[in-house]
Amino acid sequence: MKRKKIVLALVAAGLCAGALPAHAAAGDADRIAQLEKQLKMLQEQVEAMKKSAATSQEVADLRDQVAAQGKEAVVAGDIPNSFRIPGSDTSIHIYGVAEMNMIHEFKGDNSGSDYSTFAPSIPLNGSTNASRQGQTYLHGRTSRIGIEGMTPTPYGQAMFKVEGDFNNDPRTGNSAVTGDVKNISTQQQTNSYDFRLRHAYLQVGPWLIGQTWSTFMDVDNTPETVDFNGPIGSTFLRQPQIRYTYTTPKYGNFSAAVENSASYVLAKNTNLTPNAYEASTAGFSRVPDLVVRWDKPYDWGSMSLRAVSHELRVNGTLYDLNTNGTNANTSRRGFGLAASGQIKTVGDDFISWIVTGGNGIGRYFNYIEGAVYNRDSNNIEMERTAGLVLGYQHKVSDQLRLNFVYGTQKTYNNSYTDYAYAHASDLGDTVNRRVSQFHIGGFYSPIKVMDLGLEYIYGKRETILGNDGNMSRINFLARYNLN
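Note that this is a predicted model, so its numbers are computed, not measured.

This paragraph deals with helix α6 (residues 415-422). Where α6 is concerned, the buried positions are Tyr 416, Thr 417, Tyr 419 and Ala 420. Take α6 and look down its axis: the buried residues cluster within an arc of 155°, on one side only. For α6, the exposed residues lying more than 90 degrees away from the buried face are Asp 418 and Ala 422. Here the buried face of α6 lies against β10 (266-268), β11 (277-279), β16 (371-374), β17 (379-382), β19 (400-412) and α7 (424-427).

Put into structure tokens, the structure is as follows:
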């Protein structure tokens, strides 16, 4: 009996030694020290076995159990909830969400533009889509999967991330629910959607190279919403970039980036769609966009300041109904500024705020057209816009949080609006004077890996011609969070 107790104690010790503890991710030196400690423990067990009266069979059983435990052990990695690839220093973290959204439109039908709210195209009163009310639809295409890794190098930790979702109709390539017979065909039987790239980048020390959120966007201070697009009035943009960040403990973080440039300029071209202003195929960019940024945390919250400059260029031949073609070759630089932050209030509650504005800011604003080509003057007219986002999160408990969010943006009079007035029949109602949205809702987490979200959204849109429209909907979400 005594011999069996000794053997069982040694087996327990061996099993405990079979895997590194969770805190082994502290670094290579800590891992080596831990391995040396485990080796010493195993040597002590061997010596104890020799001194005990254990039989050779009992010793063999102990070795088999320790070996089996070692094969099954998963070593914790350097990223939270990650594991280390056997035989390497690389940590891998697999994550994702499986979710379903259920939307009911009380007023207006925006499903031809996007399944989630797309306030700049809220149907105008008197239009066919404005009279379509009460539509309900469900989907799971915002489910996503991602993988990220980390490996220590002489230059610091080398990291990568690749993430995608399925919010992409395989027949139209857009996120609309209706509006095209192809959108309807997608839902006819299988509701199959294409995988869509969200993030793909590597990071070594202060350098980030690849596709992720624009440096001009403040992800951390964007208020949480159930709606996938979130509030209007700020930046919502992912794109390829090269970013350098200089970190200081006292003065905050300073970032500079060159990012993908897309010269999005409206123009009329009868070779495409007669009498319609569309993003010109003559759009042309010679240099990447430039973004600078400063961030700093404080005891009371956080603060961020950002600036962007990008090229708007048209270089090519444009056709209209009255000419054989106009050779367009001109450019201007658009620019934008933004400030944002977070203010802690009572308990775990906080206020989020974002102010954004610029001239010809284009796709760095969610969402305006940004610029139009003036054929008469061979000039690019740039839209002047400003926006505000305010959010308040009240944390009722660890399981329940409530969000109150307001977003608005306004277009100011300048040469861009003058051009839109002069071409009102084709362009007037596509240029918004003001767009606003309210989001009231929250998330309940009955268990750690699950979120249930419910949100009411009201939005209003007014064009520079004085026409308006509004929308009203409710959005329910059920989500499982992987790792």
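Time to look at the nonpolar core. Grouped together as the largest cluster of nonpolar side chains are 11 residues: Val 265, Ala 267, Ala 282, Leu 312, Val 314, Leu 318, Ala 328, Ala 371, Tyr 373, Ile 380 and Met 382. Those elements that place two or more of their residues in this core are β13 (301-318), β16 and β17. It is β13 that provides the largest number of residues to this core, a total of 3 residues. Other than its neighbours up to four places away in sequence, Val 265 contacts Glu 278, Ala 279, Ser 280, Leu 312, Arg 313, Val 314, Ala 371, Val 372, Tyr 373 and Ile 380.

Okay, the pattern of salt bridges next. Enumeration according to the criterion identifies 16 salt bridges in this entry. Where Asp 109 meets Arg 132, a salt bridge forms, and the shortest distance between an N and an O atom there is 2.6 Å. Note that Asp 109 is positioned in the loop between β2 (91-107) and α4 (128-131) and Arg 132 in the loop between α4 and β3 (136-139), a separation of 23 residues in sequence. Accessibility expressed as a relative area gives 4% for Asp 109, which makes it buried. Arg 132 gets classed as partly exposed once you look at its relative accessible area, which sits at 40%. When the shortest N-O distance is used, the salt bridge between Arg 313 and Glu 311 registers 2.8 Å. The exposure class assigned to Arg 313 is buried, which follows from its relative accessible area of 10%. Salt bridges here are not isolated pairs; linked through shared partners, they connect Arg 144, Glu 163, Asp 165, Arg 196 and Arg 198.

Here strand β7 (residues 207-213) runs beside strand β8 (residues 238-248); their pairing, made up of 7 bridges, is antiparallel. Note that in β8 the partner of Ile 209 across the bridge is Ile 242. Counting the residues between successive antiparallel strands, the hairpin from β8 to strand β9 (residues 252-259) contains 3 residues.

Bringing the packing of aromatic side chains into the picture now. Counted under the stated rule, the structure contains 8 aromatic pairs. Here Phe 216 and Tyr 364 contribute two aromatic rings whose centre-to-centre distance is 5.8 Å and whose plane-to-plane angle is 90°, an arrangement assigned as edge-to-face. Of this pair, Phe 216 sits in the loop between β7 and β8 while Tyr 364 sits in the loop between β15 (350-359) and β16; the two residues are 148 residues apart in sequence, bridging distant segments of the chain. Seen in terms of ring centroids, Tyr 406 and Phe 438 are 4.8 Å apart; in terms of plane orientation they differ by 40°. Their pairing is tilted. Separated by 32 residues along the polypeptide, Tyr 406 in strand β19 and Phe 438 in strand β20 (residues 432-444) bring together distant segments of the chain.

You can see Ser 82 is positioned in the loop between α3 (56-72) and β1 (83-84). Judged by its relative accessible area of 10%, Ser 82 falls in the buried class. With near-sequence residues (within four places) excluded, Ser 82 lies in contact with Val 75, Ala 76, Gly 77, Ser 91, Ile 92 and His 93.

Okay, unusual backbone geometry next. Among all residues except glycine, the phi angle is most often negative; among peptide bonds, the trans geometry is most common. With phi around 65°, Asn 81 is a residue other than glycine that occupies positive phi space. You can see Asn 81 is positioned in the loop between α3 and β1. Within the chain, Asn 483 stands out as a residue other than glycine whose phi angle is a positive 55°. Tracing the chain through its elements places Asn 483 in the segment after β22 (468-482).

Let us now look at the side chain of His 439. Relative to the elements of secondary structure, His 439 occurs in strand β20. Side-chain polar atoms of His 439 contact the side chain of Glu 455, separated by 3.3 Å. Among residues more than four places away in sequence, those in contact with His 439 are Thr 117, Thr 225, Asp 227, Gly 230, Pro 231, Asn 403, Phe 404, Val 405, Glu 455, Tyr 456 and Ile 457.

Here β3 shows one buried face, formed by Tyr 137 and His 139, and one open face, formed by Thr 136 and Leu 138. Relative to β3, β2 is paired through 4 bridges, and the arrangement is antiparallel. Within the sheet, the bridge partner assigned to Met 102 lies in β3 and is Leu 138.

About the criteria used
Residues numbered from 1 in each chain as written. Predicted model: local features only at pLDDT ≥ 70, side-chain atom pairs only at ≥ 80, totals over all residues. Heavy atoms only, no water. Buried < 20%, exposed > 50% of the residue type's maximum accessible area, 1.4 Å probe, protein only. Helix = DSSP H or I, 4+ residues; strand = E, 2+ residues; numbered from the N terminus. Arc of directions from axis to C-beta. Contact = heavy atoms within 4.5 Å. Core = buried A, V, L, I, M, F, W, Y, C linked by side-chain atoms within 4.5 Å. Salt bridge = Lys/Arg side-chain N within 4 Å of Asp/Glu carboxyl O. Pairing = 2+ DSSP bridges. Phe/Tyr/Trp six-rings, centres within 6.5 Å; stacked < 30°, edge-to-face > 60°. Polar contact = N/O pair within 3.5 Å; in protein donor to acceptor, adjacent residues only side chain to side chain.

By themselves, these observations are geometric and do not establish any function.
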